[in-house]
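Residue-level listing of the chains:
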Amino acid sequence: MQLVRGLHNLRPQHRGCVATIGNFDGVHRGHQAILARLRERSAELGVPSCVLIFEPQPREFFAPDTAPARLTRLRDKLALLAAEGVDRVLCLSFNRRLRELSAAEFVHRVLVEGLGVQHLEVGDDFRFGCDRAGDFAFLADAGEREGFSVEAASTVELDGIRVSSTRVRQALDAADFALAQHLLGRPFQIAGRVLHGQKLGRQLNAPTANVQLKRKRVPLRGVYLVSTEIDGQTWPGVANIGVRPSVAGDGSAHLEVHVLDFAGDLYGRRLTVAFHHKLRDEQRFASLEALKTAIAADIAAARAHWRT
């Protein structure tokens, strides 16, 4: 899969494609249905498929403090899109200049001149352009003038539940990991590189891998049963994700994973952590001894779970 960062990096060979536009946060089964239709149109027309995304996501630009927690960072989103057979991703910086483009300018500069779109798949509630003035009807009219077709991406429902990134976040917030997996088509996972931390876990008889989050907000907080793959083998574990209220820190979210019975060096490695069950909320303990006791109980609960 080819990644193009910014309109300025589009070249003549990039013109001519079928495309879709969106956040694709989580690349859930609703997104997967859109991408399947995109592959079909790509094969019919004999042109590459292209997904247009934005960084930051628009709500993160307009309201960074209240924007929803991401399900996937950009790196993970790109890997998931590649796994769905997408040929090309155009990632545009969502900044003031892009925000001020009118709907007509966006169509002309991005879709027509930039990508040479032949077919476009978008949700029927899709809005774009300055003040969100552009909508599906606007795109359909523009397509008739410019020579590209526009099709509405149908909502996907599973067992009567509308599949959306918001619904996945709600499932995670309720610790309903079975529903989250059903909507995503895979277990919910967080990936990151293992960094050196405060080494406090060793003092608590529970050495942990400090997994880099690289995100302002996370959709989970608490202590969880997890699994992670290391050198082709799946290892069970227990993880804490949150601000570590019992330990002096920087107030930002951290992911710390204790891998059961693993003794190797994980520093610098990239781990993908899958979440399966919530043990408890994150809480403040009066002393490190009390924290140590709670962690021992969490590990015992994890061992009991994975033995069953």
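These numbers were taken from a predicted model, which means no experiment stands behind them. (Residues numbered from 1 in each chain as written. Predicted model: local features only at pLDDT ≥ 70, side-chain atom pairs only at ≥ 80, totals over all residues. Heavy atoms only, no water.)

Split into domains, the protein comes out as domain 1 (2-158) and domain 2 (187-307). Relative to domain 2, the C-alpha centre of domain 1 lies at a distance of 35 Å. Each partner contributes residues to the interface: domain 1 has twelve residues there, and domain 2 has 14 residues. For the pair domain 1 and domain 2, the two sides together bury roughly 950 Å², of which 38% comes from carbon and sulfur. When the buried area of domain 1 at its contact with domain 2 is split by residue, A69, L71 and R73 rank highest and sum to 53% of it. Across the contact surface, domain 1 and domain 2 share one salt bridge. The closest approach of N and O atoms between D76 and R270, which form a salt bridge, is 2.6 Å. At the junction of domain 1 with domain 2, the criterion picks out three residue pairs in polar contact (both at pLDDT 80 or more). In the side of domain 1 that touches domain 2, the residues fall into five nonpolar, two polar and five charged. (Domains from an automatic or database assignment. Contact = heavy atoms within 4.5 Å. Buried area = accessible area lost by both parts, 1.4 Å probe. Salt bridge = Lys/Arg side-chain N within 4 Å of Asp/Glu carboxyl O. Polar contact = N/O pair within 3.5 Å; in protein donor to acceptor, adjacent residues only side chain to side chain. Nonpolar A, V, L, I, M, F, W, Y, C, P; charged D, E, K, R; others polar.)

What follows deals with the sheet that holds strand β6 (residues 149-153). Within the open sheet, the six strands sit side by side as β1-β4-β3-β2-β5-β6. Their pairing is parallel. Because the sheet does not close on itself, it has two edges, and the strands there are β1 (2-5) and β6. Neighbour-to-neighbour, the strand axes of this sheet turn through a mean angle of 25°, independent of strand direction. Note that strand β2 (residues 17-21) and strand β3 (residues 49-55) share four bridges and pair parallel. Along β3, the bridge assignment pairs V18 with S49. Here helix α1 (residues 29-45) sits on the sheet in contact with β2, β3, β5 (117-123) and β6, set at roughly 165° to β2. This element, helix α6 (residues 136-146), spans β5 and β6 of the sheet and lies at about 155° to β6. (Pairing = 2+ DSSP bridges. Helix = DSSP H or I, 4+ residues; strand = E, 2+ residues; numbered from the N terminus. Axes fitted to C-alpha atoms, helices over the stretch in contact; angles between N-to-C directions.)

Moving on: the pairing of strand β13 (residues 254-259). With respect to burial, β13 is a largely interior element, six of its six residues being buried. Residue alternation in β13 divides its side chains into two sets, H254, E256 and H258 and L255, V257 and V259, and both sets are buried. With three bridges connecting them, strand β10 (residues 209-211) and β13 associate as antiparallel partners. Counted as the bridge partner of N210 is E256 from β13. Here strand β12 (residues 233-242) pairs with β13 via six bridges, running antiparallel. Following the sheet pairing, V238 is matched in β13 by H258. (Buried < 20%, exposed > 50% of the residue type's maximum accessible area, 1.4 Å probe, protein only.)

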